[in-house]
Amino acid sequence: MAQKVAVACDHAGRELKNAIAELLVARGFEVEDFGTHGNDSVDYPDFASEVARRVGSGKAAFGVLVCGTGIGMSIVANKYRGVRAAVCHNEFEARATRQHNDANVLCLGERVVGMGLGVAIADAFFSTAFEGGRHLRRVQKIADAEAENAR
């Protein structure tokens, strides 16, 4: 069974989101696209929240969020339990955040990285596994901090 990836964007990230969705389908992932599908200005927190809910609840294994910078999307997504969202600007960061942080939501800025690099970053993110080992302890500390702050 293919892993599910929830994807979404605001009006500034639609072209890159669509290209990444195509890449993911070609690589055998099941993609759920939560929009936006038009050019009208929309509020990125609405779209980031939908993807973060899916990932945090386990209904999707991963998420991809694209806006102008990736920053706003990551801020929203990281408010949700179980989400480890990372803004990546290059392939090294994409590989490192998967290997070391077990990031499960990739955030990108279409206005920052553009189309070619954006797709390459997504490819690096989705072709890299979490290393575990000493990193598992650190990821658990993230979950512990999240639980402590939820009280």
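See the structure shown above.
All of the points below concern the structure found in this document. For clarity, every value in this text was computed on a predicted model and none was experimentally measured. (Residues numbered from 1 in each chain as written. Predicted model: local features only at pLDDT ≥ 70, side-chain atom pairs only at ≥ 80, totals over all residues. Heavy atoms only, no water.)

Observations regarding the sheet that holds strand β4 (residues 85-87)
The strand order across the open sheet formed by five strands is β2-β1-β3-β5-β4, and the pairing between neighbours is parallel. Of all the strands in the sheet, just β2 (30-33) and β4 have a single pairing partner and so form its edges. Looking at each pair of strands side by side, their axes are set apart by 20° on average, direction ignored. Pairing of strand β1 (residues 4-9) with β2, which is carried by four bridges, proceeds in the parallel orientation. Residue Val-7 lies in a different strand from β2, and its bridge partner there is Asp-33. Seen against the sheet, helix α5 (residues 110-126) touches β1, β3 (62-67) and β5 (105-109) and runs at an angle of roughly 155° to β5. (Pairing = 2+ DSSP bridges. Helix = DSSP H or I, 4+ residues; strand = E, 2+ residues; numbered from the N terminus. Axes fitted to C-alpha atoms, helices over the stretch in contact; angles between N-to-C directions. Contact = heavy atoms within 4.5 Å.)

Focus: the packing of aromatic side chains
Applying the stated criterion across every chain yields a total of four aromatic pairs. A centroid spacing of 5.3 Å and a plane angle of 65° characterise the contact between Phe-29 and Phe-126, whose relative ring orientation is edge-to-face. Here the residue Phe-29 occupies a position in the loop between α1 (14-26) and β2, and Phe-126 occupies one in helix α5, the gap between them amounting to 97 residues. Residues Phe-62 and Phe-126 carry aromatic rings whose centres are separated by 5.4 Å and whose planes lie at 80° to one another, so their mutual orientation is edge-to-face. (Phe/Tyr/Trp six-rings, centres within 6.5 Å; stacked < 30°, edge-to-face > 60°.)

With respect to the nonpolar core
Counting 23 residues, the largest nonpolar core has Val-5, Leu-24, Val-64 and Phe-126 as the members making the most contacts within it. Sorting the residues of this core by element identifies β1, α1, β3, β5 and α5 as the ones contributing at least two each. Setting aside chain neighbours within four positions, we find Phe-126 in contact with Val-5, Leu-24, Arg-27, Phe-29, Phe-62 and Val-64. In this structure, Phe-47, Ala-52, Met-73 and Val-76 belong to the second largest nonpolar core, which totals 17 residues. (Core = buried A, V, L, I, M, F, W, Y, C linked by side-chain atoms within 4.5 Å. Buried < 20%, exposed > 50% of the residue type's maximum accessible area, 1.4 Å probe, protein only.)

Here's the deal with the packing of α1 against α5
Running from N to C, α1 and α5 cross one another at 20°; their axes reach a closest spacing of 9 Å. Viewed along their axes, α1 and α5 adopt a mutual orientation that is roughly parallel. The handedness of the crossing between α1 and α5 comes out as right-handed. Residue-level contacts link Arg-14, Glu-15, Leu-16, Ala-19, Ile-20, Leu-23 and Leu-24 of α1 to Glu-110, Val-113, Gly-114, Met-115, Gly-118, Val-119, Ala-122, Asp-123 and Phe-126 of α5. (Parallel < 35°, antiparallel > 145°, perpendicular 65-115°, else oblique. Left-handed = near helix turned anticlockwise from the far one by under 90°.)

In short, geometric facts, not functional conclusions.
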